[in-house]
Amino acid sequence: MSLHDDAVLVLKGYDTDREDQKELRQTYLDHLAMHPDGMWKACGAGHLTASALVIDPERGRVLLTLHRKLQMWLQMGGHCEPQDSTLASAALREATEESGIAGLTLMPGGPVRLDRHPIPAPCHWHLDVQYAATAPAGATERISEESLDLRWFPYDEVAGVADASVVRLVERTRARLEQGQ
């Protein structure tokens, strides 16, 4: 199965009760139907990306990266690569590379959220499929070349440093944790 096919299956199985997420899921599916190259950075109409919010639920905190190019505190994530066989593996690879933490585990239940955001030309959109990954006990982060900084933030401090999309991702991740998913 190709990464494109996996993305279609993941998105078709993405369950949400929020209308905005249902509409966004359909936007992603329409994009993939119209663009066989819609998984790749070279797709000028936009492309899917995979990210993961690294969390430490025992300590009530999340690890964010100060993105080198964007100068913003964000979850770990980025472009899919040819070696990625699934969206989940792409998100886990990105989270591991950018956090420097070995042994991350994606939370069960598939993606936590979808977030579509504009990016500079020549491409126009990132269609981000957002997961959450738990850090193992005693995990030590290591800054990658894509980051200016890495820092753990208590849940209630994220709104003071990150944009609304990261805040929504933290909120949805916490809700999933509380539901035991």
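Residues numbered from 1 in each chain as written. Predicted model: local features only at pLDDT ≥ 70, side-chain atom pairs only at ≥ 80, totals over all residues. Heavy atoms only, no water.

A.B. asks: What's the story with the overall build of the chain in this structure? I'm lost.
C.D. replies: Counting its regular elements, the chain contains four helices and eight strands. Helices (α) and strands (β) of the chain occur, in sequence order from the N terminus, as α-α-β-β-β-β-α-β-β-β-β-α. Computed over the C-alpha atoms, the radius of gyration of the chain is 15 Å, within 12% of the 16 Å expected from 2.2 N^0.38 for a compact globule of 181 residues. Structurally, the chain occupies a C-alpha span of about 45 × 35 × 30 Å along its principal axes. Burial statistics for the chain: of 181 residues in total, 49% are counted as buried. The contacts of the chain with a sequence gap of at least 6 include a subset with a gap of at least 24, amounting to 66%. As presented, the chain carries roughly 9,000 Å² of accessible surface, and 52% of it is formed by carbon and sulfur atoms. (Helix = DSSP H or I, 4+ residues; strand = E, 2+ residues; numbered from the N terminus. Rg over C-alpha atoms; globule rule 2.2 N^0.38 Å. Buried < 20%, exposed > 50% of the residue type's maximum accessible area, 1.4 Å probe, protein only. Contact = heavy atoms within 4.5 Å. Areas by Shrake-Rupley, 256 points an atom, 1.4 Å probe, with all protein chains shown as cover.)

A.B. asks: Sorry if this is basic, but what is going on with the layout of surface pockets here?
C.D. replies: Gaps left between atoms are located by rolling a probe of water-molecule size over the structure's atoms. Reported here for the largest pocket is a volume of approximately 920 Å³. Forming the boundary of the largest pocket are 33 residues, of which H67, L70, H79, I119 and H126 lie nearest the centre. Put simply, the parts of the chain that give the lining of the largest pocket at least two residues each are β1 (47-56), β2 (61-67), β4 (76-79), α3 (87-99), β6 (113-118), β7 (125-134) and α4 (164-179). Ranked by residue count, the leading element in the lining of the largest pocket is β4, at four residues. Counted as a void, the second largest pocket has a volume near 250 Å³. Considering the residues around the second largest pocket, the lining is formed by 15 residues, among which D15, T16, D17, R172 and R176 are closest to the centre. Of all the elements, α4 adds the most residues to the lining of the second largest pocket, at three residues. Per-class residue counts for the lining of the second largest pocket are three nonpolar, six polar and six charged. (1 Å grid on protein atoms, 1.4 Å probe; cavity = no way out; pocket = protein on both sides within 12 Å on 5 of 7 lines; lining within 4 Å. Points joined across faces, edges and corners; volume = space filled by probe spheres on them. Nonpolar A, V, L, I, M, F, W, Y, C, P; charged D, E, K, R; others polar.)

A.B. asks: Explain the pattern of salt bridges here, please?
C.D. replies: Any two side chains of opposite charge can pair, given that their charged atoms come close. With the rule as written, the count across this model stands at seven salt bridges. We note a salt bridge from D84 to R93, for which the minimum N-O separation is 2.8 Å. According to the relative accessible area criterion, D84 is buried, its value standing at 6%. For R93, a relative accessible area of 15% translates into the label buried. A salt bridge links D115 to R168, with the shortest nitrogen-to-oxygen separation between them at 3.8 Å. Taken together, the residues D115 in strand β6 and R168 in helix α4 connect sequence positions 53 residues apart. Judged by its relative accessible area of 33%, R168 falls in the partly exposed class. (Salt bridge = Lys/Arg side-chain N within 4 Å of Asp/Glu carboxyl O.)

A.B. asks: I tried to follow helix α1 (residues 3-13) on my own but got confused; where do I start?
C.D. replies: One turn of the α-helix equals 3.6 residues, which is why residues spaced by three or four share an orientation. Those residues of α1 lying buried are L3, H4, D6, A7, V8, V10 and L11. Buried residues in α1 make contact with α2 (19-34), β1, α3, β6 and β7.

A.B. asks: Would you take a moment to explain the nonpolar core for this structure?
C.D. replies: Burial of nonpolar side chains together is a common tendency in soluble globular proteins. Core analysis: the largest hydrophobic core is formed by 33 residues, its most contacted members being L48, V54 and L87. Elements supplying a minimum of two residues to this core: α1, α2, β1, α3, β7 and β8 (147-154). Residue contributions to this core peak at five residues, all from α1. Not counting the four nearest positions on each side in its chain, L48 is found in contact with A7, L11, Y28, H31, L32, G38, M39, C80, L87, L127 and V129. With 18 residues, the next largest nonpolar core counts L64, M107, A132 and V166 among its residues. (Core = buried A, V, L, I, M, F, W, Y, C linked by side-chain atoms within 4.5 Å.)

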